[in-house]
Each structure stands twice: as structure tokens, then as C-alpha cells.
Amino acid sequence: MRSDRSSASTRGPATAAAPHQRGAGRGDGWWHGVGRDARVAMRALRRTPAFTAIAVFCLAVGIGANAAIFSVVNAVLLRPLPYAEPERLVRIYEHMKDQAGWTGSVSQPNFVDWRAQNASYSQLAAYTTSSRILEGGSEPERVRTLVASANLPALLGVQPLLGRTFGPGEDEPGAPRVALLGEGMWRRRFGADPAVLGRAIRLDDQPYVVVGVMPDRATFPAGGNPMDVWIPYVPSARERENRGSHFLAVVGRLKPGVTIEQAQADLSRIADRLEQQYPDAQANRGVLTYALRETVVGDTRPALLILLGAVGLVLLIACANVANLLLARAATRRHEVALRLALGAGRGRLVRQLLVESLLLAAAGAVAGTALAWLALRAIGPLVATALPVGGGVPLDMRVFAFLAAVSVVSGLLFGLVPALQASRADVRGSLVDAGGKSTAGGGQQRLRGGLVVAEIALSLVLLVGAGLLMRGFVALRGTPPGLDPTNVLTAHIAIPDGKYDSTEAVQQLLRPILERARAIPGVTSASMINLLPIQSAWTNGSFRVVGQPVPEPGKEPIAELRFVGTDFFRTLGIPVLRGRDFQLREAQPVVIINEALAKKHFPDQDPIGRQLAGLGEQPLTIVGVVGSVRQAGLDQAPLKELYFPLDALQPGWVSEMTVVLRTTVEPAGVTNALRRSVRSVDPGQPVYRVLTMEEVVNESLADRRLHLWLLGGFAAVALLLAAAGLYGVISYLVAQRTREIGIRVALGAQPGDVVRLVMRHGALLTLAGVAAGLVGAFFLTRLLSSLLYGVSARDPVVFGGFAAALAAVALLATWVPARRATRVDPVVALRTE
């Protein structure tokens, strides 16, 4: 019989177990026994390929999902920053004392005073990022440029791949212009040629000498993409004197033994002195200090931890499924287990044997899960790079593999221990009497399997509700009016290098002809420009005051976003002009257009047309129009107050780039090449970059929310399938075990509907219990999603009720299939089999 062959194949290890365990003096006895158990387990798993494949698949899905998300968590939250002693690095901001949490950039004079007067930092460095035009080669190229204090590489502890970093004094006026190439740029543009050292390059029409190559692994700013070029920051005479120009980021290295709190107190004392010394520029201004790691992570930590918890639930569901499979398998092996116990195998020895089987399944699941994680990371890699600060990529490194090993062992013990203990308690006499091997599970095992299914359904509902809330929030956010019409609009960036366009007339001689040629492109109905595109960029602002209203206290002046736009800008983007007029080609006097948000704040129940704003230049500006508010900082942010200036008012050095916007009657991407030709006909050395439709700009702004939705939604779908499969397995097993009972009922006149109701009653009870437990769990756990939701409550009854009903329907369908199969039981065959 099958059970005899099974027991015979394991008789050697079973009967030999007692002498080995008694002879504890042999150092390798335990490991030798585990090795024998592993060989026996592999033979047993090979004999049941269907069971093995299903179990490994379930585990691969659970472990693979955990590996993929842990890889992202590791890259963002756990992996050390690629600098020397990164725990001593901090980021320092200026802030308004009366606005909690508000952080801003730093002025050059304040940075100089902080560096000279502090006692807490071994070094402070300032930097900013911009784009430069790299000339030479087949065509000019826009390159990402880090403009930093000469001591920044030393502060970070980053060594060059080639050559040297900046030397002392190379960030002083009059110093020779030097540059460091990023590793990627060096390899791509210069073929990784070591002879690049000493070579002259031109950036924004200015000559620089390459003195070194910086490794891409030491990406800076932290969490971003590697820079193409590093150059020293040489402040202009105006920047050295102007405390009101806040544009620098500041990073510092704490002295050994100094805490962030001590450094914060130190700089706060300096800020207080500066406020007394410069009351006009520094009124209400303080300092905030954060660990550099915290500024990189930002507000992504809660979302990542929620996703890690979600994949943990998926793994629990997978383990519950495999545990159910093992319990069902144990019921068919009761005769084999009883025979081994009768032949002298100890219960501990038997539990070890069964646990080894579970661990082998977990190991196979880990191998397959690693492959799934690798594929998943490749699939979501671009979205992760857009939505999260993972400048160094998302690798499967040693920390991830250690996590995989731990998850595999814990999973094997989790789903294997209870079935192993259940099997070791087999009734030896009763099981041996059942020589046919047609064993049935006891009531305790039936309840355990049902409990596992209830847990699977409950956990699945928690994930489904969470995904449903994110989905409703995403739909609400996607439907939020942006304040403009993004259809049939193409956007493209062009650079305005300081050195090349060093006068107002030079700037206008670039921008005006580009607009003229762009408007002449076939299919273009209107064209304009703006320095910061709505939704794509924000937080370039300045203070002002309303002429005729009380003068605000120093440091408490109102602030608004500053934008320079060409004529026809509002028509091109579909932003309504609510009052007044648009800009004319050449304005006779200083004028400004305000948005509705600013008008409501500073001119409630008044007509702002003709009123004047001061503090934005040498002369007051007359308001000539009010336009609709746009979601400048993103769809999930309330509209900011904005001031629009005509393009003629733009001065050299005020902006580093402009964005051309075109409204078309054809597919926007179809005019891209024509736009490039138009720009190069004005300036052959001008690259056109970051070409996107306005709809792509809007979609890109939602990348982080889309990532959260896809991942949590995917995990919820997997959980639903696993839970349905678990319920189907339990009910199918129940039908198989009650074949004789069903046959008798049919023989006594039971109708197919009676049999279906009999079977589905059990499945419905499990479903009801699981849904009830899941609703309770979701009610408490979805509060964690509040920070990720937009326009929907974490207690939304539509989501709770809808997904509970959907899960119940899927679960009942999984019950109905084996119930229908039960109606086809032939009573004669069933009774003859028994």
C-alpha cells in the first residue's frame, strides 16, 4: 500500500533516530540527523509535485513582495548615506519664527556669519543646483550642475575617482575657473578618458578646466540623481551684500561629541545676534537644523512603512495558505506518521522532520521570490526613481539578502510549526487501524483550518479597504481642477546662461524671436513663456506690501510666488483673466498681474485693478489684471498667492531657465522637432530639454501617489486571490471528507440545492467571520493612511461597505464551486468507496 511504501522509505532514519540521539557524545550527530531529514523531505516533496508547486508559488509571492518593498525601504530609510560619518552631517535652514515648520533657503551673508561665528561645526558648506549648457561635441548639451563651496567634497569626505577636488580659494572672486566631472558624464561624454584632466570645457560660454572626476556612488545632493558637473560657487558682489536674497542650501558636519540640539542652540544664538544687528533684513528669522538623513527621507517614511506592513500582511496570508495545505497533507499522512511513531521515532524527531520540510519549502519560495522581486524592481524602477529619493538606485544588496534569509526562516517556522505539532499528536492505534490511509481530520484540525481562512479573509479585507481608500483619494486628486487647461499643450525648457546673456537686451533678443518663431509653427494657436511652470515648480517667492494699507512689521511682510510670463501666457494655458487685462507686448509703466488667491487675501470686497504694490523693485507696480489661481505647488496643495510680471521686466541673472508653452490643434508631441528648429535658428548653441505635454506634467506630479496606489492595490489583489484560494481549498477538502455523508443524504432524497446549501453554509460562516474581523481591523488600521489620503475620510463607508461586499462575493464564489461539485456525488460510488 502507499502508506507502507512511504514508511518503508523512511524506516531507516526513523529507527536509527533513537541511538543517535542517545549517543549525544558525537559532535555532528544533530547536524547529521538534520541532513538525513532534508534528504527525506526532498524525496517527500518530489512525490507530491502539485502540492510543492502551489506551496512554493504562494511563498514566492509573499516573500518576493516583501523583498521588493524592503529593497525600497532599505534604499531610502536604512542604507547609510554615501559619505564619511554620515551621522554627523546636518542640513541647516532659515525659517520664519512665527510660522512653525516653515523652512527656507539661506542668504550668502548669513552663511558667512554662521561659518565664522559657530562653535559646533568642523565645516559648513553652501551649494545650489542649476543647469548649464556644455558646449563642444556634436551639439550643445544641458547638464545638471552643482555649484558649491570649495570645501564641500572635503566636508562630505568624498574622494575623487580621478584627479583632485576643489582647492582652498577656488571659490573666491578672481580664482581660475575649475570643474569636476560626474562619473556618468565622464564615461558618457568623454569615454572615461583619464586624459580629461586639464582639458578645457565651456559651460554657459565660460571656460573651465577639468581637475577631477567625482564618483556617482557619492551622489549629492543626497537622494537625488548624480550631478554631471561640479563647479565652485563664487558669490557676486551683490550676493555678498544682500541678506534678502535667500537661495543657498547649507550643509554642515558636526564636531565630534556635539549633538544636533547643541548645534541648533549655537546657531540660534547667532541668528538672534544677526536679528539685532540687521533688524530690517533679519527680523523674525531664525534657524532650523535637521539630520541630513531626515531631510532626504522627508515625508516618505510613513508611506514606506505602511507598504512594508502591507506586504507583511500578504506574507501572513501566504503562510496561512501553506499552513492549510500542510494540515490537509498531514491528514493524508496520518497512517505514515503513526507507523513511524510505532517504530520508535520520538515526537521531537518527527516534529524536526516536518519542520525541515517546511524550511525547504520556504527556501524554495525565497529563491523564486528573489527572482520575482528582481523583476518587480525592474518594472517599478522608473516610477520609484520619480517618486522617491533613491538617487543611488534600488539594489538587492547584502542587507536585502539577509532580510530574505530571516523572512524565509521565520516563514518556514510560522507555517510549519503548528501542522508539525498537530501531526506529532497522531492517534497511533486509530491511525494504524485505518490501514487504507483514508484518514479524516479531527475536529481540532478542522477548526484550525477554518480559523486560518478567517484570518486570511480578514487580512485581505484590511488591504482591500486600504487600497480602496487610496484609489478614491487618487481619483479625487486627479479630478481636482488645476486652474488651467492641460489638453493640447506642449512645454519645453530652455536655459538662460548668465555669462552669455549678460544684459536685458541680450535676454530679450533670445526670448522674443523664439516666441515669434514658435507662434509661426503650423498647428500652434498660441505660444508664450514662464520661468516656473505651474504644478512642476514652486517656492520662488518674494515679499511685498500694498500701497495705502498699513505697513507690516519687519519680517512679517506678505509673501507671494514670483513669475515672469510672456504675452498670451494665460490664454495659452487656459487660465482665465477674471478682471482687467493681460500684458501687452511692451508696457509703458511697471505693472503686475495678481492671481485670485492674492486678491481675496489682500483686497477682500475690493477691486484691485489700479492699486499698487511696493517692495518689489525701485518703483511701485500697478495691478492691471486678476487671473484665476492655479495649483502651482501640486494638485494636493492649495493655490499659492502669485504675482506675474511681464517678460520685458526680466533682468539677467534673475532666472536660469524659461519654459516655452505651446497650445496646438494637433498632437502636441508632433511639433517638438519644429520647436527645436525654431530655438536653434535663434541660438544654435541653445539646447531644448525636458519636453513634456502639460498632461504629462500633471501625471508626473502624481508619481508618488500613483506608486502607493499601484503597490498597495497589487498587494490587495494578491491577498484576495490567496484568501479565495484558501477558502476554496478548505471547502474542497470538507467536501472530500464528507463524501459518504453527502452520498447518504442524496440516497435519502436530498436535492442538489440542499447539498449546495449544506456546503455553502460552512463557507458563508467562515466568510462572515472573516469580513467582520477585517472590518474591525480596517477601522483601526486605516487611520495610518490619513496622511496619504486626499478628499476622502479614512472611515469612508462607501469603501468599507463596497469592498466588504466584493470580498464576500469572491469568497462565496470560491465556496460555490466545490459546492456544485458536491451535487455530482454518486451515492452508490460514495458508499462503495467508504
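Participant: Whenever I open this one, unusual backbone geometry confuses me. Can you help?
Facilitator: Note on backbone geometry: most residues besides glycine have negative phi, and most peptide bonds are trans. Of note, the bond from Phe220 into Pro221 is cis; its omega dihedral lies within 30 degrees of zero at 0 degrees. The phi angle at Ala192 is positive, at roughly 55 degrees, despite the residue not being glycine. In this structure, Asp605 is a non-glycine residue whose phi angle is positive, near 60 degrees. Within the element layout of this structure, Asp605 appears in the loop between α20 (596-602) and β19 (612-614).

Participant: I keep staring at the confidence of the model for the protein and nothing clicks. Help me out?
Facilitator: Caution applies to low-pLDDT regions: their predicted coordinates should not be interpreted in detail. A residue-level look at the protein finds 89% of positions with pLDDT of 70 or above and a mean pLDDT of 85. This stretch, residues 1-28, has a pLDDT under 50; its non-local contacts, to residues over four places away or in other chains, come to 25 contacts. In this model, residues 435-441 is a region of pLDDT below 50 whose contacts with residues beyond four sequence positions or in other chains number 18 contacts.

Participant: How should I be thinking about the pairing of strand β10 (residues 246-254) in this particular structure?
Facilitator: Regular strands have side chains that alternate between both faces of the sheet. Of all the nine residues making up β10, seven are buried; the element is thus mostly covered by neighbouring parts of the structure. Note that strand β1 (residues 89-96) and β10 share four bridges and pair antiparallel. Residue pairing across strands places Val90 opposite Gly252, the latter belonging to β10. In the sheet, strand β2 (residues 106-107) pairs with β10 via two bridges, with the strands oriented antiparallel. Paired with Ser107 across the strands is His246, a residue of β10. In this sheet, β10 lies alongside strand β3 (residues 121-134) in antiparallel orientation, the contact comprising six bridges. Bridge pairing in β10 places Leu124 opposite Gly252.

Participant: Quick question: what am I supposed to make of the nonpolar core here?
Facilitator: Counting 124 residues, the largest nonpolar core has Leu361, Leu388, Phe415, Phe569, Tyr644 and Phe715 as its most contacted members. Here this core gets 17 residues from one element, more than from any other, and that element is helix α12 (residues 300-332). Once residues lying within four places of it in the same chain are set aside, the contact partners of Phe415 are Leu59, Cys319, Val322, Ala323, Leu326, Ser358, Leu361 and Ala362. Core analysis: the second largest hydrophobic core is formed by 43 residues, Ile496, Ile521, Val592 and Leu643 among them.

Definitions and cut-offs
- Residues numbered from 1 in each chain as written.
- Predicted model: local features only at pLDDT ≥ 70, side-chain atom pairs only at ≥ 80, totals over all residues.
- Heavy atoms only, no water.
- Helix = DSSP H or I, 4+ residues; strand = E, 2+ residues; numbered from the N terminus.
- pLDDT = per-residue confidence, 0-100.
- Contact = heavy atoms within 4.5 Å.
- Buried < 20%, exposed > 50% of the residue type's maximum accessible area, 1.4 Å probe, protein only.
- Pairing = 2+ DSSP bridges.
- Core = buried A, V, L, I, M, F, W, Y, C linked by side-chain atoms within 4.5 Å.

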